[in-house]
Amino acid sequence: MKIGEAQKAYRQQLSLLRGQRSNYVKQREENRRKMEKAQEKSELLGVTFELSEEYLAREKELQGQIDALSGQIKKNEKVLADLTDQEMGIANSVVAKQQGEAMKEYGEEMAKC
């Protein structure tokens, strides 16, 4: 696989992972809103609100998924950065070779004078 193809694949994977993480963040925020509404309702009724195990378990589950996806995203970003570094290294070596050849030709031309 060429570097450009690998970069494209990793960018697509990053986009997918970021979309999944965004979805889990939205679900977590919705869970928090529901918990706050339940708390407000209990206060209106004069009842002591205890954090529902369901809300807490869902919060923990969603946060775990968000953290796992964030870890995968970091790894993919690192691989993508490494691929970019490799691509730049190859480009720089090609440029250096071309410059060396140009200097050699220039030197040969100057020697003829």
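Please read these numbers as outputs of a predicted model, since none were measured by experiment. (Residues numbered from 1 in each chain as written. Predicted model: local features only at pLDDT ≥ 70, side-chain atom pairs only at ≥ 80, totals over all residues. Heavy atoms only, no water.)

Novice: Let's hear about the overall build of the protein: which residues, and what values?
Specialist: The helix and strand inventory of the protein stands at 2 helices and 0 strands. A compact globule built from 113 residues would reach a C-alpha radius of gyration of about 13 Å, whereas the protein, at 28 Å, exceeds it by more than 25%. If you line up the protein on its principal axes, its C-alpha atoms span 100 × 25 × 15 Å. Put simply, the protein shows about 8,900 Å² of open surface, and 54% of that area lies on carbon and sulfur atoms. Both charge centroids of the protein, one from 20 positive and one from 20 negative side chains, sit 3 Å from each other. (Helix = DSSP H or I, 4+ residues; strand = E, 2+ residues; numbered from the N terminus. Rg over C-alpha atoms; globule rule 2.2 N^0.38 Å. Areas by Shrake-Rupley, 256 points an atom, 1.4 Å probe, with all protein chains shown as cover. Lys, Arg positive; Asp, Glu negative; His and termini not counted. Charge placed at Lys NZ, Arg CZ, Asp CG, Glu CD.)

Novice: Outline the environment of D67, listing residues and values.
Specialist: Among the secondary structure elements, D67 is positioned in helix α2 (residues 53-112). Put simply, D67 and R21 are 46 residues apart on the chain and 8.6 Å apart in space, counted from C-alpha to C-alpha.

Novice: Go over the nonpolar core with me, naming the residues and quoting the values.
Specialist: Soluble, globular proteins show a tendency: their nonpolar side chains are buried together. By size, the foremost hydrophobic cluster in this structure holds 5 residues: L14, L17, L69, I73 and L80. If one sorts the elements of this core by residue count, α2 sits on top with 3 residues. Non-local contacts of I73, meaning those with residues more than four positions away in its chain, are made with L14, L17, R18 and R21. (Core = buried A, V, L, I, M, F, W, Y, C linked by side-chain atoms within 4.5 Å. Buried < 20%, exposed > 50% of the residue type's maximum accessible area, 1.4 Å probe, protein only. Contact = heavy atoms within 4.5 Å.)

Novice: So what's going on with the packing of helix α1 (residues 3-44) against α2? Which residues, and what values?
Specialist: Remark: α1 packs on α2, axes separated minimally by 9 Å, with the N-to-C direction vectors making an angle of 160°. Here α1 is positioned roughly antiparallel relative to α2, judged by the angle of their axes. Between α1 and α2 lies a crossing whose hand is left-handed. (Axes fitted to C-alpha atoms, helices over the stretch in contact; angles between N-to-C directions. Parallel < 35°, antiparallel > 145°, perpendicular 65-115°, else oblique. Left-handed = near helix turned anticlockwise from the far one by under 90°.)

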